[in-house]
Amino acid sequence: MQKMLISALLFSLLVGGSVQAQTLQIEGSTTVGPIADAFAEYFKRVYPDLNITVKKTGSGDGAAALADGRCDIATMSRFMKDKEFKDAVGNGVYPVAHVVAMDGVCVVVHPSNPVGALTTAQIRDIYAGKITNWSQVGGPSMPIVVISRDTSSGTYETFDEIVMAKQPMGPGVEYVNANPQAHARVKTTQGAIGYVGIGFLDREVKAIMVDQVAPNRQTIASGVYPVARPLFLFTNGYPKLGSMVHRFCAFYLTEKGQELVEAKGFVPLTAY
Amino acid sequence: MNLGVRRSLDRLFTGLTGASIVLLMLVLIAVLGPMIYRGSGAVLFGGTVEFRKMQRDLFNRADRDALAAEIAETDEVRQVVHEMVDRFKKGIDIAAMSSQAREINREYGRELRYRDATPEEYTESREVARAIRDKLEEAFGSQDIELIRKNIAEVLAHKDEPRFKGTVAERYFTLATDFLDAAEHIDLSRYHDYLVALDEVEVILFGSIEHPGLLGPRPNQPARPLAMTSYGATRWDQAQSLLDRLVWAEKWVEKEPGQPLVKERSPRAELFHGTALEPLFTYVPEQLDEMLRPRFTVYWQFFIDDNFDSHYFGGVGPEIIGTLLITVVGMLFVVPLGVISAAYLVECASDGPVMRILRMSINTLAGVPSIVFGLFGLAFFVLFLFPRLGFEPKPCILAASLTLAVLTLPVMIRASEEAIRTVPRSYKEGSLALGASRFRTFVTVTFPAALPGILTGVILSLSRIAGETAPILFTGAVSMGPVPKSIFDPTRTLSYGSYDMAVGDRLAMMVPHNQYGMVVTLITLILILNAVAIVLRSRVFKKLKGH
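Residues numbered from 1 in each chain as written. Chains lettered and ligands numbered in written order. Predicted model: local features only at pLDDT ≥ 70, side-chain atom pairs only at ≥ 80, totals over all residues. Heavy atoms only, no water.

Under an unreviewed UniProt entry, the name given to chain B is Phosphate transport system permease protein PstA, and the organism recorded is Anaerobaca lacustris. Quoted verbatim from the Sequence similarities (unreviewed entry) field of the UniProt record, the comment on chain B reads "Belongs to the binding-protein-dependent transport system permease family. CysTW subfamily." (UniProt positions renumbered as here; feature names shortened; annotations may be inferred.)

As annotated in an unreviewed UniProt entry, chain A carries the name Phosphate-binding protein and is attributed to Anaerobaca lacustris. Turning to chain A, the UniProt record has this under Function (unreviewed entry): "Involved in the system for phosphate transport across the cytoplasmic membrane." Under Sequence similarities (unreviewed entry), UniProt gives the following word-for-word description of chain A: "Belongs to the PstS family."

Further remarks concern the overall build of chain A. If you tally the helices and strands in chain A, you get ten helices and eleven strands. Taking the principal axes of its C-alpha atoms as reference, chain A extends roughly 75 × 45 × 35 Å. Out of the 272 residues belonging to chain A, those deemed buried represent 56%. Partitioning the intrachain contacts of chain A with sequence separation of at least 6 by distance along the chain shows that 71% fall at a separation of at least 24. By element, 57% of the accessible surface of chain A is carried by carbon and sulfur atoms, the whole surface being about 11,200 Å². Of the side-chain charges in chain A, 24 are positive and 23 negative, and the distance between the mean point of each set is 3 Å. (Helix = DSSP H or I, 4+ residues; strand = E, 2+ residues; numbered from the N terminus. Buried < 20%, exposed > 50% of the residue type's maximum accessible area, 1.4 Å probe, protein only. Contact = heavy atoms within 4.5 Å. Areas by Shrake-Rupley, 256 points an atom, 1.4 Å probe, with all protein chains shown as cover. Lys, Arg positive; Asp, Glu negative; His and termini not counted. Charge placed at Lys NZ, Arg CZ, Asp CG, Glu CD.)

So, about the confidence of the model for chain B. Of all residues in chain B, 99% attain a pLDDT of 70 or more, and the chain-wide mean is 88. Among the scores for the predicted complex, ipTM is 0.83 and pTM is 0.83. (pLDDT = per-residue confidence, 0-100.)

All names here are of chain B. Where nonpolar side chains cluster on the molecular surface, the patch consists of L44, F296, V298, W300, F303 and I304 and spans about 650 Å² of accessible area. Mapped onto the secondary structure, F296 falls in strand 4 (residues 295-298). Since its relative accessible area comes to 61%, F296 is described here as exposed. (Patch = residues over 30% accessible without salt bridge, like charges linked within 9 Å, V, L, I, M, F, W, Y side chains within 5 Å. Salt bridge = Lys/Arg side-chain N within 4 Å of Asp/Glu carboxyl O.)

Between chain A and chain B, the contact holds 53 residues from the first and 47 residues from the second. Around 4,300 Å² of area is buried between chain A and chain B when both sides are counted, 57% of it from carbon and sulfur atoms. Counting across the interface, chain A meets chain B through three salt bridges. One salt bridge connects R203 of chain A with E250 of chain B, and the closest N-O pair in it is separated by 3.4 Å. Inspection of the region where chain A meets chain B yields twelve residue pairs in polar contact (both at pLDDT 80 or more). Classifying every residue of the side of chain A that touches chain B by side-chain character gives 18 nonpolar, 19 polar and 16 charged. (Buried area = accessible area lost by both parts, 1.4 Å probe. Polar contact = N/O pair within 3.5 Å; in protein donor to acceptor, adjacent residues only side chain to side chain. Nonpolar A, V, L, I, M, F, W, Y, C, P; charged D, E, K, R; others polar.)

In the numbering used here, UniProt assigns the "domain: ABC transmembrane type-1" (unreviewed entry) feature to residues 320-537 of chain B. The span residues 320-537 of chain B shows a helical share of 79% and a strand share of 0%, and its end C-alpha atoms are spaced 24 Å apart.

Glancing now at the nonpolar core. In terms of nonpolar packing, the biggest core is built from 58 residues, with V81, L136, L205, L214 and L280 of chain B touching the most fellow members. Counting only elements with at least two residues in this core, the list comes to helix 3 (64-92), helix 4 (94-113), helix 5 (119-141), helix 6 (145-157), helix 7 (170-185), helix 8 (191-206), helix 9 (236-247) and helix 10 (280-292) of chain B. Residue contributions to this core peak at eight residues, all from helix 8 of chain B. Not counting residues within four places of it along the chain, the set of residues in contact with L214 of chain B comprises I204, L205, G232, A233, A239, L242, L243, V284, L288 and L292 of chain B. Listed in part, the 56 residues of the second largest apolar core include L24, A40 and C249 of chain A together with Y231 of chain B. (Core = buried A, V, L, I, M, F, W, Y, C linked by side-chain atoms within 4.5 Å.)

Let's shift gears to the confidence of the model for chain A. All names here are of chain A. Averaged over chain A, the pLDDT score is 86; the fraction of residues at 70 or greater is 92%. Least confident of the elements in chain A is helix 1 (residues 2-18), whose mean pLDDT is 47; most confident is strand 3 (residues 73-76), at 93. In this model residues 1-5 is a low-confidence stretch, pLDDT under 50, and it forms zero contacts with partners more than four residues away in sequence or in other chains. With pLDDT under 50 throughout, residues 8-20 is counted as low confidence; its partners more than four residues away or in other chains account for twelve contacts.

With that out of the way, let us pick up the UniProt feature "transmembrane region" (unreviewed entry) in chain B. Look at the UniProt record and you will see "transmembrane region" (unreviewed entry) annotated at residues 12-37, 320-345, 365-385, 397-416, 437-460 and 516-536 of chain B. As annotated, residues 365-385 of chain B has a helix share of 90% and a strand share of 0%, and its two end C-alpha atoms lie 21 Å apart.

In this section: the state of the cysteines. Within the structure shown, the criterion is met by zero disulfides over all chains. Lacking any disulfide linkage, C396 of chain B is separated from the closest cysteine sulfur, that of C71 of chain A, by 16 Å. We classify C396 of chain B as buried; its relative accessible area is 1%. (Disulfide = S-S within 2.5 Å.)

Residues and elements named next belong to chain B. Along the polypeptide, A66 turns up in helix 3. Using a relative accessible area of 42% as the deciding quantity, one classes A66 as partly exposed. A C-alpha to C-alpha distance of 45 Å links A66 and C396, two positions 330 residues apart in sequence.

Residues and elements named next belong to chain B. End to end, helix 5 covers 33 Å across 23 residues, agreeing with the expected 33 Å (1.5 Å per residue, within 8%). Restricting attention to buried positions, one finds in helix 5 the residues S125, R126, V128, A129, I132, R133, L136, A139 and F140. On its buried face, helix 5 sits against helix 4, helix 6, helix 7 and helix 8. (Expected span 1.5 Å × (residues − 1).)

Right, let's talk about the packing of helix 5 of chain B against helix 6 of chain B for a bit. The description of two packed helices rests on the angle between their axes and on the distance between the axes. Residues and elements named next belong to chain B. Running from amino to carboxyl end, helix 5 crosses helix 6 at an angle of 160°, the nearest separation of the two axes being 9 Å. On the basis of the axis angle, helix 5 is roughly antiparallel to helix 6. Regarding helix 5 and helix 6, the two cross each other, and that crossing is left-handed. Between helix 5 and helix 6, the residues in contact are I132, K135, L136, E138 and A139 and L147, I148, N151, I152, E154 and V155, respectively. Class assignment of the residues belonging to the contact of helix 5 with helix 6 gives a composition of seven nonpolar, one polar and three charged. (Axes fitted to C-alpha atoms, helices over the stretch in contact; angles between N-to-C directions. Parallel < 35°, antiparallel > 145°, perpendicular 65-115°, else oblique. Left-handed = near helix turned anticlockwise from the far one by under 90°.)

Residues and elements named next belong to chain B. Their axes nearest at 10 Å, the elements helix 15 (residues 425-433) and helix 16 (residues 438-467) cross at an angle of 145°. In this structure, the crossing between helix 15 and helix 16 has a hand that is right-handed. For the pair helix 15 and helix 16, the contacting residues are Y427, K428, S431 and L432 in the first and R438, T441, V445, T446 and A449 in the second.

The next subject is the pattern of salt bridges. If the charged atoms of two oppositely charged side chains come close together, the side chains can form a pair. Residue and element names in this part refer to chain A. Within the structure shown, the criterion is met by 50 salt bridges over all chains. E157 is the partner of R78 in a salt bridge, and the nearest nitrogen-oxygen pair spans 3.4 Å. Residue R78 is located in the loop between strand 3 and helix 4 (82-90), and its partner E157 is located in helix 6 (residues 154-162); the two are separated by 79 residues in the primary sequence. The exposure class assigned to R78 is buried, which follows from its relative accessible area of 11%. E157 sits in the partly exposed class, given a relative accessible area of 22%. A salt bridge links K81 to E157; the nearest nitrogen and oxygen atoms lie 3.6 Å apart.

Time to look at the side chain of D309 of chain B. Examined against the element boundaries, D309 of chain B turns out to sit in the loop between strand 5 (307-308) and strand 6 (313-314). Buried and unpaired, D309 of chain B has K264 of chain A as its nearest opposite-charge partner, separated by 5.5 Å.

In total, this model carries 36 aromatic pairs over all chains according to the counting rule given. When the ring of F380 of chain B is compared with that of F381 of chain B, the centres are 5.1 Å apart and the planes differ by 70°; the resulting orientation is edge-to-face. Put simply, the rings of F39, Y42, F43, Y47, F248 and F251 of chain A touch in pairs and so form one group of aromatic residues. Above the ring of F206 of chain B, the side-chain terminus of R218 of chain B is found at 5.0 Å from the ring centroid. Positioned over the ring face of F45 of chain B is R235 of chain B, at 4.3 Å from the centre of the ring. (Phe/Tyr/Trp six-rings, centres within 6.5 Å; stacked < 30°, edge-to-face > 60°. Lys NZ or Arg CZ within 6 Å of the ring centre and 35° of its normal.)

Laid out in structure tokens, this is it:
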């Protein structure tokens, strides 16, 4: 009897797999993940038969998964690199980018810190280890605790390119592996400086002005705030019109899509 | 060494070992205690009427009539808050008032066109209306109370004129009285401060597109895109912290130049001293109970519900199913493979250099980091093996289970090997002497005798399979997706879900109870699985002893 039950269970598991529902697999960046989550949840409600999965393993994995054909849409918080493009094209996959939202990389300090503005050059010197005390930039005399994201994250790459201008970071820099951790580290440490996506700004950390520009929706969307970046969805070629992939990739163009982008703490592309 | 010293050394040893056990227990309690305490908050908490609304809308679970009555009662208490905010806003929101005045003027013009009026009357009425509008706008833009009084009085002088009777222009006069009423009570030079402060209060009370508020969106507001911001505070602890933010304004101020700023809390009511909004800051704390109706809630459905908005609402049902599926399928591979390999190693293998290398490989395999297995699983099972077997090369439960099976195989083999080795030789010899073949001897004599030890291996690998994250990262786990229908679907799991919540969204910071809840669920699940295996082992053991 038990054996029969078990074999029936196994059989149903195997047979169930042969029934093909329409699927949509999304994979990639942890930063873009929340947007994909929100879109997916909306799609799930509108198209109940759609089998939609979201996975957050990093921008690099997203690119690799698209090249391998393991996913339909790759979410990336940076543009594809040369090698990733070549790999994809080598597999007969032609990546097309869709910019789904903007994200500002906001430089944050502990709210007790009186320093409210820094220039890009000053921030670069802090991360390079040339400035080590807040008194050197007009603050109280306290050592600077420098927090950075790990080098494999897209956020790090944006910061590295725009602020650091490819100059190496100093030896005293502390690396954390995600936005919430960077936020938590800055909020609990008086002399800390770190950088997080705009969605993570709240009253427990203070965003400072960079080159006299405060990070907010307007300055980021218009490109006035210097440390901003677009967030991408990559597909294999431009998706077939009317297909689920197409609907998903064009969803950010609708008012609903832009609203969701904003609700998730990112900067919508249009003033919808 | 005399006897006394020896005895005291013995005692010292006993004491030390005892102390280390106690220390271990304390550490365990210190680590698990707070986690379990916080995790229990996902199931046991003070649920407000907003929680019950959410349960009704998202999970279709409510006593609808009782809830409707409750909502009507709470809405009545909340109405006062809405009125206070609206009344204050009337004197503050200049832009809105100006556009309202312009709108009235336009509509009045439209209405006039459809009336039987001579051209002269028409022109005159329009001019008077326009003059009223200009007077109002001048008053709205002014900070001089004398000028405002004068303008409003001039506007109100037109009130009884027959040409405005029953027309849209009557709204001019309510607008004017409301504004004068508000203007008399506020410091006109602080318009801008009030606007900023009001905005903050409104976000705390009613939430925004990004943040949930204390009472949820106002009835006339457009629907919010996410479920998480469509309700007020669903939990009493959330309500308490929002209330604290409402009553106390926080500011970082400089006490001494060159020193870090100091946080200062002041009653927010001070900002609105003398205005229509001031009583709000005593009304809300007094009536919060009535507005939210907290009730002790046992949300046991946490273990079966799906989640909404990346675990902001809901539970971990699909995650539990996914974890169980991966574990069961993984065990189906690892147990037979492990036992058979162990049997070969003990019973059949000769002690040559090849075997030594094989043993060494198994031992090394046990020390390989789990992420390596994850990448191996992706490269071998998903990308290499699946296409050749005719499956789609996509991550799925089968791939994840296979990867985890490979990961735990060394543990299983070592445990089974030890167990088989400890079966007394005399058992086997007896069986062989009776004429049984080696295979039969193993199946009927050695294996049952080794079963308790093998079950220990099962327990060890079970915990490993259920709890690992890295190997399934690339082979079968997703952060969002439907409940799996077959082993060829990817799935959500508790372990990957916990990781995902910790690194992904800002939401985990807003709902720590759900994050801890998921972790505690994983721990509990593993404990239950282990308990089942342990009970099974003790029964087998008893049977073997012949009881």
